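Residue-level listing of the chains:
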Amino acid sequence: MSYHHLALAAKDMKAIHAFYEGIMGFELVKVEIAPVAGGGWGKHFFYRMDGDDSKFIAFWELNETPGQVDYAYDLNEAAKTPQGTNHYSFSVDTPEALEGWRQKWNIAGLDVLEIDHNWCHSVYTRDPNGNMIEFCLTTGSFTEDDRTRALAALDEREMNASPPPAMMKQWLAKDA
């Protein structure tokens, strides 16, 4: 089972469009416009990912909704959690594809964080809402020891740290 779409509110829909269609290459294919529960109205924009008509990322442009001036569009700001805690990740199938996204983001003027997590390799940047987005390549497989460790962690109340990342690098847009 996979998800159909992830829906988020947009602080600036035109900036979101420029990022998700212009940089990410996701195609805007549909908008639904309707009243919003509690008052006001919204435009719900759907961006197709990878040409697949069953996988989308969607954004709400909210209009005339109560309390709109106080909305937080960064998921971590809204939840009052540390930056990067809430984020969304897209998959890639090859190291070349991962490197391609890193380069594409840098060329577009975005800073990129790259981390080899020892079982997956990721690149991260931020979208116009301030949300962290990731492309991730799974590089390892999971063992029964991995599962046993994960199950044990459910009951741990003190930090028992995982091995540090094999590599971490900040790629600044100004250096691209």
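Check the entry above for the structure.
What counts and how
Each residue is numbered by its place in its chain's sequence as written, counting from 1. Per-residue local features are limited, in this predicted model, to residues with pLDDT of at least 70; the limit for side-chain atom pairs, both in listing and counting, is 80 or more; totals at the level of whole chains, interfaces and linings are taken over all residues. Computation of side-chain values: all heavy atoms of the structure, hydrogens and water removed. Note: two strands are recorded as paired if DSSP finds a minimum of 2 bridges between them. Only runs of H or I of at least four residues qualify as helices and only runs of E of at least two qualify as strands under DSSP, and these elements are numbered from the N terminus. Under this scheme, a helix contributes an axis fitted over its contacting stretch, all axes are lines through C-alpha atoms, and angles between N-to-C directions fall in the 0 to 180 degree range. By salt bridge we mean one thing: a side-chain nitrogen of Lys or Arg within 4 Å of a carboxyl oxygen of Asp or Glu. Note on exposure labels: buried denotes an accessible area under 20% of the residue type's maximum, exposed denotes more than 50%, and partly exposed covers the range between, all computed with a 1.4 Å probe on protein chains only.

A. Inspection of the sheet that holds strand S7 (residues 120–126) at higher detail. Ordered in space as S5-S8-S7-S6-S9, the five strands form an open sheet in which the pairing is mixed. Each of the sheet's edge strands pairs with one partner strand only, and the pair in question is strand S5 (87–91) and strand S9 (167–171). Across the sheet, the axes of successive neighbouring strands diverge by a mean angle of 20°, strand direction being ignored. In this structure, strand S6 (residues 112–116) lies alongside S7, joined through four bridges in antiparallel fashion. In the sheet register, Ile115 faces S7, and the bridge partner there is Ser122.

B. Representation of the pattern of salt bridges within the structure. Across all of its chains, the model carries eight salt bridges by this definition. The partner of Asp53 in a salt bridge is Arg48, with the nearest N and O atoms 2.5 Å apart. On the basis of relative accessible area, Asp53 is assigned to the exposed category, the value being 53%. Note that Asp175 is salt-bridged to Lys174, the shortest N-O span being 3.2 Å. A single salt-bridge network, built from bridges that share partners, covers Glu27, Arg48 and Asp53.

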